[in-house]
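One letter stands for each residue in the lines below.
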Amino acid sequence: MIRLNDILNKVSHYNSSADLNMIRKAYVYCAKVHQGQIRLSGEPYIIHPMEVSAILADLKLDVPTVVAGLLHDTVEDTLATLEELTELFGEEVAALVDGVTKIGKIHFKTKQESQAENFRKMLLAMSDDIRVILIKLADRLHNMRTLQFQPEIKQRNIARETLDIYASIAHRLGIQSIKTELEDLSFQYLEPQIYADLASKVTTKTQEREAYVEEVKKIIISKLDEYGIHGEVSGRSKHLYSIYRKMVKRNVDFDDIYDLVAVRVLVDDIKSCYEVLGIVHSLWKPITARFKDYIAMPKGNMYQSLHTTVIGPTGERVEVQIRTFEMHHVAESGIAAHWKYKEGKGYDEREVERFAWLRQLLELQQELQDSKEFMDSVKIDLFSEEVYVFTPQGDVKSLPKQSTPIDFAYSIHSDIGDRCVGAKVNGKLVPLKYELKNGDIIEIITSPHHTPSKDWLKIVKSSKARNRIRLWIKTEERNRSISLGREICEKEFRRYSLNYNKLFKSGEIKNAAAEYGLRSEDDLMAAIGYGKLSVGQLIGKLVPEAKLNALKEQVDKVEKTKPSTRRKDTGAILISGVDDVMVRFGKCCNPLPGDDIVGFITRGRGVTVHVADCPVAFATDPERRIDVAWNSEKHAPLPVKIRVTCHDHKGILADTTQAITSCEANIISAHIQSTVDKMGVNTFEVEVMDIDHLRKVMNAIMRLDDVVKVERLKN
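Here the structure is a predicted model, which means the values were calculated and not measured. (Residues numbered from 1 in each chain as written. Predicted model: local features only at pLDDT ≥ 70, side-chain atom pairs only at ≥ 80, totals over all residues. Heavy atoms only, no water.)

Moving on: the confidence of the model for the chain. Per-residue pLDDT for the chain averages 80, and the proportion of residues at 70 or more is 81%. Taken element by element, the predicted model of the chain shows its lowest mean pLDDT in helix α17 (residues 349-353) (46) and its highest in helix α3 (residues 47-58) (94). Predicted confidence is poor over residues 339-355, with pLDDT under 50, and the contacts of this stretch with residues over four places away or in other chains come to 28 contacts. Long-range and interchain partners of residues 563-570, a stretch whose pLDDT sits below 50, account for four contacts in this model, where long-range means more than four residues apart. (pLDDT = per-residue confidence, 0-100. Helix = DSSP H or I, 4+ residues; strand = E, 2+ residues; numbered from the N terminus. Contact = heavy atoms within 4.5 Å.)

Membership of the largest hydrophobic core comes to 71 residues, with the highest contact counts inside it found for Val11, Ile23 and Leu71. Of all hydrophobic cores here, the second largest spans 34 residues; its members include Val607, Val644, Cys663 and Val697. (Core = buried A, V, L, I, M, F, W, Y, C linked by side-chain atoms within 4.5 Å. Buried < 20%, exposed > 50% of the residue type's maximum accessible area, 1.4 Å probe, protein only.)

What follows covers the sheet that holds strand β11 (residues 442-446). The strand order across the open sheet formed by three strands is β10-β9-β11, and the pairing between neighbours is antiparallel. Taken across any chain shown, the strands that pair with only one partner, and hence form the sheet edges, are β10 (428-430) and β11. When strand polarity is set aside, the average angle formed by the axes of neighbouring strands in this sheet is 35°. Alignment of strand β9 (residues 420-425) against β11, held across five bridges, turns out to be antiparallel. Across the sheet, Val425 pairs through a bridge with Ile442, a residue of β11. The strands that helix α20 (residues 405-412) touches are β9, β10 and β11; relative to β11, the one it contacts most, it runs at about 85°. (Pairing = 2+ DSSP bridges. Axes fitted to C-alpha atoms, helices over the stretch in contact; angles between N-to-C directions.)

Quick look at the environment of Lys428 now. Looking at the secondary structure, you find Lys428 in strand β10. Lys428 sits 13 residues away from Ile441 along the chain, and the two C-alpha atoms are 10.0 Å apart.

Reading across the sheet, the four strands line up as β19-β20-β18-β21 and stay open at both edges, with antiparallel pairing between neighbours. Of all the strands in the sheet, just β19 (666-671) and β21 (707-713) have a single pairing partner and so form its edges. Going from strand to strand, the sheet's axes swing by 25° on average, the running direction of each strand aside. As paired strands, β19 and strand β20 (residues 679-688) are joined by five bridges and run antiparallel to one another. Bridging from a neighbouring strand, Asn666 pairs with Glu687 of β20. Each of β18 (638-647), β19, β20 and β21 touches helix α29 (residues 652-662); the most contacted strand, β20, lies at about 20° to it. Lying over the sheet, helix α30 (residues 691-702) contacts β18, β20 and β21, oriented at roughly 160° with respect to β21.

Right, let's get into the pairing of strand β5 (residues 306-311). Summarising burial for β5: five of the six residues are buried, a large majority. In the sheet, strand β3 (residues 285-286) pairs with β5 via two bridges, with the strands oriented antiparallel. Bridging from a neighbouring strand, Pro286 pairs with Val310 of β5. Where strand β4 (residues 292-293) lies against β5, two bridges are found, and the strand directions are antiparallel. Residue pairing in the sheet places Asp293 in a bridge with Leu306 of β5. The sheet contact formed by β5 and strand β6 (residues 317-324) spans six bridges and is antiparallel. Residue His307 lies in a different strand from β6, and its bridge partner there is Gln321.

What follows covers the packing of aromatic side chains. Between two aromatic rings, the relevant description is the distance of the centres plus the angle of the planes. A full pass over the atoms with the stated rule returns nine aromatic pairs. Their ring planes at 75° and their centres at 5.5 Å tell us that Phe187 and Tyr195 sit as a pair that is edge-to-face. Judged by centre distance (5.9 Å) and plane angle (70°), the ring pair of Tyr294 and Tyr303 falls under edge-to-face. Tyr303 gets classed as buried once you look at its relative accessible area, which sits at 11%. Ring pairs connect the aromatic residues Phe187, Tyr195, Tyr241 and Tyr244, which therefore count as one cluster. The positively charged end of Lys541 is found above the aromatic ring belonging to Tyr516, 5.2 Å away from the centroid. (Phe/Tyr/Trp six-rings, centres within 6.5 Å; stacked < 30°, edge-to-face > 60°. Lys NZ or Arg CZ within 6 Å of the ring centre and 35° of its normal.)

What follows concerns unusual backbone geometry. You will see that Asn590, though not glycine, has its phi angle at about 45°, which is positive. Summarising the element assignment, Asn590 is placed in the loop between β13 (583-585) and β14 (597-602). Using a relative accessible area of 15% as the deciding quantity, one classes Asn590 as buried. A positive phi angle is found at Glu664, which is not glycine, with a value near 60°. Topologically, Glu664 is positioned in the loop between α29 and β19.

Applying the stated criterion to the full structure yields 23 salt bridges. Between Glu490 and Arg486 there is a salt bridge; the shortest N-O distance is 3.0 Å. Within this pair, Glu490 and its partner Arg486 are both found in helix α22 (residues 463-495), separated by four residues, close to a single helical turn. For Lys541, the salt bridge identified is with Glu515, shortest N-O distance 3.3 Å. Residue Lys541 is located in helix α26 (residues 535-542), and its partner Glu515 is located in helix α24 (residues 508-515); the two are separated by 26 residues in the primary sequence. (Salt bridge = Lys/Arg side-chain N within 4 Å of Asp/Glu carboxyl O.)

Structure below.
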């Protein structure tokens with residue numbers, strides 16, 4: 001059990017001038033307000049804040065952070081107030097406790113878009129002071145260490161939240177020690193049987209592995225002495241979750257994972273790192289594909305090290321990591337090793353720059369209104385692997401894996417991305433869909449008149465590129481919609497002897513826009529161009545009812561002299577908040593009554609209805625989304641395609657068509673195809689009333705002896 005003196009000793013060890021009395025004062029206050037509170041383990045509650053404070057001290061954080069670790073639950077779980085904390089411990093400590101309290105009210109279940117708003121809140125809570133998330137990580141780590149006292153269902157929920165959110169954040173902040181422990185603890189509760197089996201297998205070979213590590217260490221140490229290089233050599237086994245991920249990624253069993261052992265060499269300077277690398281490669285044969293130089297190209301979370309995998313003394317693979325003592329401190333503590341605080345001076349701006357990804361996420365949560373779009377971007381930035389490439393000047397850029405030259409262009413500047421027409425990689429022209437590789441040198445070719453393409457969204461990987469392209473597309477679509485809306489208005493106004501320019505100058509159109517809750521005439525024209533509002537609705541606002549009725553009579557007389565045209569009845573769809581608008585069904589998915597559906601405003605063509613999981617729907621601008629539902633009172637047959645796979649026997653086609661028509665479904669078209677292995681693949685387009693009618697048709701076909709499979713086609 002941790003004691004106050006343990007925390008004081010840790011802090012004084014790395015900060016001889018630390019105000020230890022502040023920590024003592026916080027301990028006394030914490031003990032007082034938590035008095036009588038008991039954890040599920042049966043221990044006094046004060047054990048938890050003390051453990052959190054000790055973890056923060058292990059990260060060598062400043063006194064206000066260690067103090068806030070002791071006090072982090074006081075406002076939420078006791079009668080303590082922020083005003084009281086401010087008076088006793090100062091504004092800095094109170095602000096940290098307030099930030100942790102806000103995060104404490106946020107609960108994640110998965111990485112899915114439904115949790116995007118919670119993620120936004122957490123980003124806002126940590127935006128003012130990164131130490132807030134460091135305290136929260138320490139809090140989560142101790143809670144995970146004592147998770148066995150929670151009910152089983154809660155264990156799984158907390159473990160999933162920890163693995164999906166907090167372990168990933170610890171990784172991006174470069175805090176390897178916390179990241180690996182959170183992963184292993186989460187793994188233990190999410191996959192208990194696999195965890196136990198893996199732990200047993202690793203334990204079985206522990207003695208053998210330790211002997212092997214000792215042998216490798218002795219050889220390396222003797223060589224360091226021989227070359228006069230000062231250094232420390234240690235060995236360890238890979239943590240369980242990393243072994244499990246390798247098994248899943250490579251689709252192999254535990255016995256087929258050979259690089260379970262890692263040896264770490266710590267030296268004084270970068271020059272010695274490369275000397276040790278040469279020594280290791282002279283001792284054992286390296287596996288070329290497994291060498292990574294994170295010193296020349298550091299990871300985005302500041303991690304630096306040389307990684308090489310070699311065939312060791314007995315023919316078994318061993319990973320060797322080589323870094324300086326300072327690099328090792330950063331690898332274990334991440335941002336905690338670099339985020340400097342000075343009394344009254346706040347952040348060191350040079351360190352802030354090293355966490356551009358966090359700043360981008362904070363900007364992103366302000367720019368993106370759609371939760372799904374925001375969470376997609378978060379997944380890219382927070383959970384993706386990275387590739388490291390160079391500018392022609394030698395600057396390193398970190399991008400998500402599988403990024404393209406377009407991603408690189410946008411990482412330099414948004415305007416360069418917008419004007420990108422081509423790229424050279426290592427001096428050679430490449431297509432814009434080229435997949436960037438570690439070490440590539442990229443030169444972007446631009447044209448002042450070029451603009452982004454919607455097709456770029458299919459190939460870019462970085463959130464910055466994706467969001468900039470979407471922004472440009474939205475702006476262009478809005479401009480086109482404004483133009484189209486005005487064109488539609490001018491044409492319709494003429495029928496009623498109205499003058500658009502006069503109405504605009506008089507302010508009547510602006511007043512009509514305000515009545516619809518729109519800010520400007522442009523917003524009104526865009527709404528008409530998108531199809532959200534009809535011109536008829538606008539004219540109703542602009543012309544008094546009596547005069548409008550008289551004008552309509554005149555227009556009707558004129559219309560009767562023209563050939564009549566009828567629009568297909570779309571009364572089968574109810575549209576939220578919109579009247580008198582055209583409705584069409586997406587040919588990509590052919591929705592049927594009973595399907596979950598979503599509507600999208602289609603410029604100049606009203607509302608297009610898609611099946612909710614249609615890929616085309618997912619790719620559509622979220623701002624154009626609108627709620628739609630089936631009208632149960634109106635039914636009209638709708639087309640749908642089905643594919644029938646069957647044995648190509650005589651009479652099977654006649655039997656299939658008979659099965660369809662017997663269910664009172666009309667066949668619109670049929671495409672018949674025979675394969676070389678005597679199978680028939682027949683596609684029918686049929687008209688059905690709803691999803692139940694379709695199931696009836698498919699079941700009737702499936703009952704035929706020679707039919708193997710019946711499936712609905714959605715494109």
